[in-house]
Protein chains: 2
Amino acid sequence: MHRFRFPPAAYRLYISNSKSTRHRCIQWTSHPFHPLPLSSLHTSSITRKMATLQELDATIAEKSALFNQLKVRADPTEAAELEATRVKLGELKKSRGALLQASGGGSKDKKKERLLLKTGKGTRDYGPAEMFCREHIEKTVKDVFHLYGGSCLDTPVFERKDILAGKYGEDAKLIFDLKDQGGEELALRYDHTVPLARYLAMAGTTITNAKLWQVGKVYRRDNPVMSKGRMREFSQADIDFAGSWDPMIPDAEIISLLGTILTKLEVGEFTVKLNHRKILDGIFEVCGVPSEKIRSISSAVDKLDKLPWAEVKKEMTQEKGLDPIVADKIGQYVQLKGAGLEEAPKLLEQLLQDSQLASNKSAKEGLSDMSILFTLLKSYGILDKISFDMSLARGLDYYTGIIYEAIVEASAPPGLKQADALAPTSASGGTDSTSKPDSKKKPKKKLDEEGEEEIDESQVGVGSIAAGGRYDNLVGMFLSAASGEGKKTASIPCVGVSMGLDRIFAILWPRWIERGMRSKGTMVYVMSAGDGLLQERVHLVQALREAGINTEFSFKNKPKLPAQFAAGEKDEVPFAVILGGDELKTGLVTVKEQRWEFKDGQKVKVQSEEKGTQVLRDKLVDWIKNTQTFRDWQIGKWIS
Amino acid sequence: MHRFRFPPAAYRLYISNSKSTRHRCIQWTSHPFHPLPLSSLHTSSITRKMATLQELDATIAEKSALFNQLKVRADPTEAAELEATRVKLGELKKSRGALLQASGGGSKDKKKERLLLKTGKGTRDYGPAEMFCREHIEKTVKDVFHLYGGSCLDTPVFERKDILAGKYGEDAKLIFDLKDQGGEELALRYDHTVPLARYLAMAGTTITNAKLWQVGKVYRRDNPVMSKGRMREFSQADIDFAGSWDPMIPDAEIISLLGTILTKLEVGEFTVKLNHRKILDGIFEVCGVPSEKIRSISSAVDKLDKLPWAEVKKEMTQEKGLDPIVADKIGQYVQLKGAGLEEAPKLLEQLLQDSQLASNKSAKEGLSDMSILFTLLKSYGILDKISFDMSLARGLDYYTGIIYEAIVEASAPPGLKQADALAPTSASGGTDSTSKPDSKKKPKKKLDEEGEEEIDESQVGVGSIAAGGRYDNLVGMFLSAASGEGKKTASIPCVGVSMGLDRIFAILWPRWIERGMRSKGTMVYVMSAGDGLLQERVHLVQALREAGINTEFSFKNKPKLPAQFAAGEKDEVPFAVILGGDELKTGLVTVKEQRWEFKDGQKVKVQSEEKGTQVLRDKLVDWIKNTQTFRDWQIGKWIS
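Note that the structure is a prediction, hence the values are computed from the model and not measured.

Draft legend 1. A look at the overall build of chain A. On a plain count of helices and strands, chain A comes out with 23 helices and 20 strands. Sorting the 640 residues of chain A into buried and exposed places 60% on the buried side. Looking at chain A as shown, the accessible area adds up to about 25,700 Å², and 52% of this sits on carbon and sulfur atoms.

This is the structure:
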């Protein structure tokens, strides 16, 4: 428990990764503004021996409250203090447990126990400033879905248990079940793909060609790494094209769409690792892997982004009993990769020249797909972002064609950065159910207060931020299961991608903070100088809102002018409109435009000697709508 | 199970309520387009005796598939057929059960059982056309939240069980629990109010004044009435103002905000029923209700919108043991109501003149609040929508000030319409946890296949579509529970409103269908005449998308022109851009603007003899952006 609200570890990672922002980060850390008496946490009162349980309880309650406040406030300048508080709190709670055990008590104390004010493990609240950023991410993603002709689908957060059964292999243990309260067995959805396939199977032949997107939360009982956006409740944005078209056109369209989204989100340099299940299967066949071992050998290959070949080979031979000669043959193929406009097609050409692969049906089909795909990706202008990577296998059984994974420079864990900038730890819980088992180099773990493993957050990367592939048989699996007797039924071929919105948020949030702590898009704050003028303020506020201008005012009868300015400044409201008794008689109001800038690492209001502009009340809406500020905001320009 | 996807009962209700749309409704019902052989459902094959279980199974599977397709398609012309199918399916399944029981079998048959392709009880998918409408509703609501200076909060879908405990009274039995899989006890959130209060309590003094909105799903294990938007999973949009300001200003702002949203959504004529807990409590005190009976008498009063006074009185006296003289005194107060600019203040004046109430502290405070509120609501221009209704009590314990409920003309159940247009059945699961116990006039019920009561959907109204009130102590409850020992701690006073988005959808959807079955906002469909020109199409599509124009094209290498037109027409795409080999050489493309109109109750494309306009490829973006159509779409004008 007590993981960070604001991702301080991600923030530290950010410092270590990006030279260009180091300056500002350090400035934040030395930020002088500490409204809470943080120093009180580090007094000797914490470490001195507690005489009684009551004393200990009181201290825990006090520190917990403080800790909660720090978490909610999510002020980056307080990251170190927050971390220290977390550790101290843990110590205090252990002391309490020991004291209880020593006194043989605990049970009789239970009834009086305090309510723990916290969210469930692996979940968190997002406050106003964070949601302002997350809303921006969601809007950007949805706008691109619309741009590519997608329409929205919404499925329930829980499904009948038998719909999810048998779709996630080993990871099925991570499914959140609902309690049996009579009626159906239910479970929280694990991803958007299986509910989509269930929907398509129910729709049957009424849906032939569809481009469907879903944005929403999915659930996995995994070990959370909150700061990296690896949560038990997390948000995914999916788009899937379902239908029979000509080869690789929808596939190329999806990859282009993914590239457009990552570019518009400004996540930084990104690469889309690409492979094809049929090529992989062909390789395993020509190398001599027994068919029953193909899936487990495939999952070993998938670890090549985290482990050296020698270790992967050891897993294949020692753990999975593969002939070392076969393993070596595989090794020659799966370590191949080619990135970008030149190298990716070159690797493809090399494989097409390979006589062994040429004689294998599966490999041939896969390579032919890739040829068409590369031509299309060139037309789309996205081939330069592609890395054709033979080690990409992905965990899910249901993929039948191309598979891909998007990674960004900023998402790699610190330890692996130097070794291979394009090979981050692929953590589960991000973009689909391929949670790769932790390697020998697994992050240091310790036990949290519930006895579950806690992960050292600084050692885990954000991982892939998007992933997907082609799955032509999943809808068919539902159709044949529903028809009973395992009859063969027609399927609906699909290709799709999932984006991990929490991981994208973990990358964007530190940069978002630089833009100030605005949490809403209020444009005008209406104030009164002097006599309160509540009714007049309400009238003007309503007139501005009527015209579509986001407007606020003080909920006080006679607010003081400085307090009104301060309220408007909290969210960097660009227009202060001031009502005065005298001016009202002449039908005038005063407008002051306000601007903010960075000064010594802090966002501050630009001081101005101007007294403001006098505008006729009846012309105020037009006046505001004619400003450059308003026009910029209309097109979302204030964000950047 | 097998409730309607598309709300046919709501649709029928719509027919019965709205004269102006009756014409079109009848036209739909006689709509000639039935792509599925619906008549096959009504053949003698269903009713004839089944010789064997296999035969029965096959028929059930076939009809289930058909039923699912009808549900997903949600075509209003098929509502009656869908209903008939549902009934027949129920009969078939009962026959199957009887047959199994007669043969003593069932258990050995279990393993072969088919997967049921369905969503959990009380939940449903929303397909593209429905989501297009729901996205419009959400956007309208969020825009107004921004207009009034709200910022977004997001809390997890599940909470620790002890956070929800003790907040919902009797309705706690409706909470969905998660299964104990080790670790914490968790439950799905029941509303947005309690998680908000938990968040504010965690934030403590760091949040002094906040205007927070939440839009998301909440969960109640209630008897669903799907067609009226009464679901087990349903969407609520909440906004709450938390903080200490001057009396009634935030309260008036919330009511104004609610009115603005309902006006912008065009839900039809609406009324905001308004009352004050302190006035009610004062009335109970001066009438002589023993203090321990106040809450249960209050909940009896709340039924006055569904029951005549005589029955409510009977409940008070016979069931709850209240002195009949006391009940009669109450009756004189709680049957008072005054609606609109004239009558509402008049009723307030009458109560202010009442010497008994004037001598009661609680009533005096409540009436003083109401005086201030009415003045403010007049300034806001919303007083004409208010009905000051002394019978409004609402179920939740935590309200401490004004309470309100928005109802719309279209939301009343048919049976009660004539009696009192402003008194719909308030169904639970809509806007907050006040599920009023069903009255004597309760809808007819029968048992569904799981043995749970099924509700006759045609007899239930949509109910209130929004509700809320002031709750000044809820955050304090959390703070004192967390501090232990029941210490008194400061609270954060709150006032808020919840809107039932599914109910709003149930009202808007039938009208939305009139606007055509568009499911996305695609503006351009790029086509090729003749030779495929895949690469050229991709280039043009990407150029248009680059300019922010939603564009699609066929995923075929050499698509036929009529097929391309048909694909674009499905979503009423306004611009067809056609590439031809010859024109490409001269750098030209052909643009055809397409329009749709209603003809004999059907949306049809306006036939045009025009051959289209030849536009320079390089000028295409500018050309499109200069059309009236594009400018209208930019401001969302195509929707209305």
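Draft legend 2. A look at the environment of A:Arg160. Structurally, the position occupied by A:Arg160 is in strand β2 (residues 158-160). Residues A:Arg160 and A:Ala203, spaced 43 residues apart in sequence, show a C-alpha to C-alpha distance of 17 Å. Beyond its immediate stretch of four places on either side in the chain, A:Arg160 contacts A:Glu184, A:Glu185, A:Leu186, B:Leu116, B:Lys118, B:Thr119 and B:Gly120.

Draft legend 3. Main features of the sheet that holds strand β13 (residues 494-500) of chain B. Residue and element names in this part refer to chain B. On the basis of which strands lie adjacent, the open sheet formed by nine strands has the order β1-β4-β5-β13-β12-β9-β6-β8-β7 and mixed pairing. Edge strands, defined here as strands with exactly one partner in the open sheet, are β1 (151-152) and β7 (337-339). Pairing geometry for strand β4 (residues 210-219) and strand β5 (residues 233-242), over 10 bridges, is antiparallel. Looking at β5, one finds that Leu-212 is bridged to Asp-240. Relative to the sheet, helix α6 (residues 128-147) contacts β4, β5 and β13, its axis offset from that of β4 by approximately 160°. Here helix α10 (residues 277-287) sits on the sheet and contacts β6 (270-276), β8 (386-389) and β9 (402-408); the angle it forms with β6, its principal contact strand, is near 55°.

Draft legend 4. Seen up close, the packing of helix α13 (residues 340-353) of chain A against helix α15 (residues 361-380) of chain A. Residues and elements named next belong to chain A. The contact between α13 and α15 brings their axes to 10 Å, and the two run at 160°. Overall, the two elements α13 and α15 adopt an arrangement that is roughly antiparallel. The chirality of how α13 crosses α15 is left-handed. Across the interface between the two elements, Leu-341, Ala-344, Pro-345, Leu-348, Leu-351 and Leu-352 of α13 pack against Leu-367, Met-370, Ser-371, Phe-374 and Lys-378 of α15. Residues belonging to the contact of α13 with α15 are distributed by class as follows: nine nonpolar, one polar and one charged.

Draft legend 5. The pairing of strand β9 (residues 402-408) of chain A, seen in detail. Residues and elements named next belong to chain A. Counting buried positions along β9 yields seven of seven residues, so the element is predominantly enclosed. Bridge count for strand β6 (residues 270-276) against β9 is seven bridges, and the pairing is antiparallel. Bridging from a neighbouring strand, Thr-271 pairs with Ile-407 of β9. Here four bridges tie β9 to strand β12 (residues 466-471), and the two strands are oriented antiparallel to one another. The residue of β12 that forms the bridge with Glu-405 is Ala-467.

Draft legend 6. Summary view of the interface of chain B and chain A. Listed as interface residues are 103 residues of chain B and, on the opposing side, 103 residues of chain A. Carbon and sulfur atoms supply 57% of the area that chain B and chain A bury against each other, a total of about 9,600 Å² over both sides. When the buried area of chain B at its contact with chain A is split by residue, B:Leu115, B:Met202 and B:Phe555 rank highest and sum to 9% of it. For the salt bridge of A:Asp177 with B:Lys179, the shortest nitrogen-to-oxygen distance reads 3.6 Å. Linking chain B with chain A are 46 residue pairs in polar contact (both at pLDDT 80 or more), by the criterion used here. Among the residues forming the side of chain B that touches chain A, the class breakdown is 42 nonpolar, 32 polar and 29 charged.

Draft legend 7. How the structure looks around the relation of the copies chain B and chain A. Once chain B has been moved 0.0 Å along the axis and rotated by 180°, it coincides with chain A to within an RMSD of 0.1 Å. Considering both components of the superposition, the chain copies are consistent with a two-fold axis. Interface overlap between copies: 99% of the residues of chain B at the interface are likewise at the interface in chain A, consistent with a symmetric, same-surface contact.

Draft legend 8. Layout of helix α11 (residues 294-301) of chain B. Residues and elements named next belong to chain B. Those residues of α11 that fall on the buried side of the exposure criterion are Ile-294, Ile-297, Ser-298, Ala-300 and Val-301. Mapping the buried residues of α11 onto a view down its axis gives an arc of 160°, with all of them on the same face. Summarising the contacts, the buried residues of α11 are in contact with α10, α12 (309-319) and α13 (324-334).

Draft legend 9. How the structure looks around the nonpolar core. Ranked by size, the top nonpolar core spans 230 residues in total, and within it A:Ile330 and B:Ile330 carry the most contacts. Discounting residues that sit within four places of it in the chain, B:Ile330 has contacts with B:Phe284, B:Cys287, B:Val289, B:Ile297, B:Val301, B:Trp309, B:Met316 and B:Leu322.

Draft legend 10. Representation of the pattern of salt bridges in the model. Residues and elements named next belong to chain B. In total, this model carries 61 salt bridges over all chains according to the counting rule given. Here Arg-160 makes a salt bridge to Asp-162, at a shortest N to O gap of 4.0 Å. You can call Asp-162 partly exposed: its relative accessible area is 34%. Two residues, Asp-281 and Arg-295, come together in a salt bridge whose shortest N-O distance is 3.5 Å. Of this pair, Asp-281 sits in helix α10 while Arg-295 sits in helix α11; the two residues are 14 residues apart in sequence, bridging distant segments of the chain. You can call Asp-281 buried: its relative accessible area is 18%.

Draft legend 11. Seen up close, the side chain of B:Arg198. Residue and element names in this part refer to chain B. Position of Arg-198 relative to the elements: it lies in helix α8 (residues 193-203). Since its relative accessible area comes to 0%, Arg-198 is described here as buried. Within the structure, the side chain of Arg-198 is placed 2.8 Å from the side chain of Glu-159, a separation counted as a polar contact.

Draft legend 12. Representation of the sheet that holds strand β14 (residues 524-529) of chain A within the structure. Residues and elements named next belong to chain A. Taken in spatial order, the five strands of this open sheet run β15-β14-β16-β17-β20, and their pairing is mixed. Two strands close off the open sheet at either side, each with one partner strand: β15 (551-553) and β20 (613-616). On average, each strand axis in the sheet is inclined to that of its neighbour by 30°, with strand direction left out of account. Relative to the sheet, helix α19 (residues 534-546) contacts β14, β15, β16 (575-580) and β17 (588-593), its axis offset from that of β15 by approximately 170°.

Draft legend 13. Seen up close, α13(B). Residue and element names in this part refer to chain B. For α13, the complete set of buried residues consists of Val-326, Ala-327, Ile-330, Gly-331, Tyr-333 and Val-334. For α13, the buried positions fall inside an angular range of 160° around the axis, keeping them on one side. More than 90 degrees from the buried face of α13, the exposed residues found are Ile-325 and Gln-332. Residues of α13 that are buried in the fold lie against α10, α11, α12, α14 (340-353) and α15 (355-358).

Conventions and cut-offs
- Residues numbered from 1 in each chain as written.
- Chains lettered and ligands numbered in written order.
- Predicted model: local features only at pLDDT ≥ 70, side-chain atom pairs only at ≥ 80, totals over all residues.
- Heavy atoms only, no water.
- Helix = DSSP H or I, 4+ residues; strand = E, 2+ residues; numbered from the N terminus.
- Buried < 20%, exposed > 50% of the residue type's maximum accessible area, 1.4 Å probe, protein only.
- Areas by Shrake-Rupley, 256 points an atom, 1.4 Å probe, with all protein chains shown as cover.
- Contact = heavy atoms within 4.5 Å.
- Pairing = 2+ DSSP bridges.
- Axes fitted to C-alpha atoms, helices over the stretch in contact; angles between N-to-C directions.
- Parallel < 35°, antiparallel > 145°, perpendicular 65-115°, else oblique.
- Left-handed = near helix turned anticlockwise from the far one by under 90°.
- Nonpolar A, V, L, I, M, F, W, Y, C, P; charged D, E, K, R; others polar.
- Buried area = accessible area lost by both parts, 1.4 Å probe.
- Salt bridge = Lys/Arg side-chain N within 4 Å of Asp/Glu carboxyl O.
- Polar contact = N/O pair within 3.5 Å; in protein donor to acceptor, adjacent residues only side chain to side chain.
- Least-squares fit on C-alpha atoms with pLDDT ≥ 70 in both.
- Arc of directions from axis to C-beta.
- Core = buried A, V, L, I, M, F, W, Y, C linked by side-chain atoms within 4.5 Å.

By themselves, these figures tell us nothing about what the structure is for.
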